[in-house]
Amino acid sequence: MLKPSISRLFYVCLFFSIFLPAHAGYDRNQAVPVEKVVYGSIVSVRNITEKQLVEDRNQGWKTFGGALIGGVIGHQFGGGSGKDVATVLGALIGAGVGNRHGSSSYVQELKLVELMIKQDDGEQVMIIQDLDQGMIFNTGDEVRVVYLKGGVRVDRAM
């Protein structure tokens with residue numbers, strides 16, 4: 001049977017894994033209110049790339065997992081107060097290893113398209129959005145500009 005301290009640690013981990021919500025950055029099934037829609041034509045198109053550094057957002061969990069595993073392994077050694085020292089030392093070493101080897105960052109290259117659009121209301125706007133291979137724009141194409149709360153999206157006029 002598990003010792004009381006280890007079983008408490010197990011229940012704490014179980015609680016956090018079940019009851020803490022995971023948040024996604026984007027929900028594709030969410031309806032977004034449209035502020036306005038303006039039609040226009042493409043004046044110029046330019047494909048561009050943007051590099052950004054992406055860092056691992058799960059760093060805390062890797063450190064916590066390393067501490068948990070290190071504590072369990074350290075608890076197997078020693079006796080009496082030596083066992084407690086080995087448990088704490090194992091947890092500290094495990095957290096350090098999890099933190100050091102768990103950190104990951106990489107450079108991500110985003111493919112974007114820059115669109116200069118002359119809208120039917122006479123205004124000229126430049127919009128940069130993700131490149132969609134299913135919707136390639138050319139100079140002179142008729143488009144609609146959809147203004148959303150906090151953003152804008154361009155697609156072909158239907």
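Residues numbered from 1 in each chain as written. Predicted model: local features only at pLDDT ≥ 70, side-chain atom pairs only at ≥ 80, totals over all residues. Heavy atoms only, no water.

In the annotation of an unreviewed UniProt entry, the entry for the chain reads Glycine zipper 2TM domain-containing protein, and the organism field reads Shewanella atlantica.

(A) The arrangement of the overall build of the chain in detail. Across its full length, the chain carries 3 helices and 5 strands. Across the chain, helices and strands are ordered from the amino to the carboxyl terminus as α-β-α-α-β-β-β-β. Across the 158 residues that make up the chain, the buried fraction comes to 24%. A separation threshold of at least 6 residues defines the contact pool for the chain, and within that pool the share at least 24 residues apart is 65%. Just so you have it, the chain exposes about 11600 Å², and 58% of that area is on carbon and sulfur atoms. (Helix = DSSP H or I, 4+ residues; strand = E, 2+ residues; numbered from the N terminus. Buried < 20%, exposed > 50% of the residue type's maximum accessible area, 1.4 Å probe, protein only. Contact = heavy atoms within 4.5 Å. Areas by Shrake-Rupley, 256 points an atom, 1.4 Å probe, with all protein chains shown as cover.)

(B) Seen up close, a negative patch on the surface. There is a patch of like negative charges on the surface, built from Asp120, Asp121, Glu123 and Glu142. Its location among the elements puts Glu123 in the loop between strand E2 (105–119) and strand E3 (124–130). (Patch = residues over 30% accessible without salt bridge, like charges linked within 9 Å, V, L, I, M, F, W, Y side chains within 5 Å. Salt bridge = Lys/Arg side-chain N within 4 Å of Asp/Glu carboxyl O. Lys, Arg positive; Asp, Glu negative; His and termini not counted. Charge placed at Lys NZ, Arg CZ, Asp CG, Glu CD.)

(C) Highlighting the nonpolar core. Counting 12 residues, the largest nonpolar core is built from Val38, Ile42, Val113, Leu115, Ile117, Val125, Ile127, Phe137, Val143, Val145, Tyr147 and Val154. Once residues within four sequence positions are removed from consideration, Val113 is found in contact with Val45, Arg46, Asn47, Ile127, Ile128, Gln129, Asp130 and Leu131. (Core = buried A, V, L, I, M, F, W, Y, C linked by side-chain atoms within 4.5 Å.)

(D) Spotlight on the pairing of strand E5 (residues 151–156). Relative to E5, strand E4 (residues 142–148) runs antiparallel, the two being bridged by 6 bridges. When the bridges of E5 are listed, Val146 appears paired with Arg153. Here E4 folds back onto E5 in antiparallel fashion, the turn holding 2 residues, of which Gly150 has a positive phi close to 85 degrees. (Pairing = 2+ DSSP bridges.)

(E) Examining the pattern of salt bridges more closely. For the structure shown, the criterion picks out 2 salt bridges. A salt bridge links Glu114 to Arg46, with the shortest nitrogen-to-oxygen separation between them at 3.0 Å. Taken together, the positions of Glu114 in strand E2 and Arg46 in strand E1 (residues 34–55) put the pair 68 residues apart, joining distant regions of the chain. Given a relative accessible area of 13%, Glu114 falls into the buried group.

(F) Looking closely at a nonpolar patch on the surface. Taken together, Val34, Val37 and Tyr39 make up a surface patch of nonpolar side chains, about 250 Å² in accessible area. With respect to the helices and strands, Tyr39 occurs in strand E1.

(G) Inspection of the environment of Thr87 at higher detail. If you trace the backbone, Thr87 turns up in helix H3 (residues 81–102). Along the chain, Thr87 and Gly70 lie 17 residues apart, while their C-alpha atoms are 7.5 Å from each other. Excluding its chain neighbours within four sequence positions, the residues that come into contact with Thr87 are Gly71, Gly74 and His75.

(H) Expanded view of the UniProt feature "domain: Glycine zipper 2TM" (unreviewed entry) in the chain. As recorded in UniProt, the sites labelled "domain: Glycine zipper 2TM" (unreviewed entry) are residues 63–99. End C-alpha to end C-alpha, residues 63–99 measures 5 Å, and it is 84% helix and 0% strand. (UniProt positions renumbered as here; feature names shortened; annotations may be inferred.)

(I) Molecular detail of the confidence of the model for the chain. When the pLDDT values of the chain are averaged, the result is 76; 72% of them are 70 or greater. The least confident element of the chain is helix H1 (residues 4–19), whose mean pLDDT is 48; the most confident is E4, at 91. (pLDDT = per-residue confidence, 0-100.)

(J) Structural context of the packing of aromatic side chains. Counted according to the given criterion, the structure contains 0 aromatic pairs. When the ring centre of Tyr147 is taken as reference, the NZ or CZ atom of Lys36 above it lies at 4.8 Å. (Phe/Tyr/Trp six-rings, centres within 6.5 Å; stacked < 30°, edge-to-face > 60°. Lys NZ or Arg CZ within 6 Å of the ring centre and 35° of its normal.)

(K) Quick look at the side chain of Gln129. Its location among the elements puts Gln129 in strand E3. Only 3.5 Å separates the side chain of Gln129 from the side chain of Arg153, close enough to count as a polar contact. Here the side chain of Gln129 touches Val154 through a polar contact of 3.0 Å, landing on its backbone nitrogen. Other than its neighbours up to four places away in sequence, Gln129 contacts Leu112, Val113, Leu115, Phe137, Arg153 and Val154. (Polar contact = N/O pair within 3.5 Å; in protein donor to acceptor, adjacent residues only side chain to side chain.)

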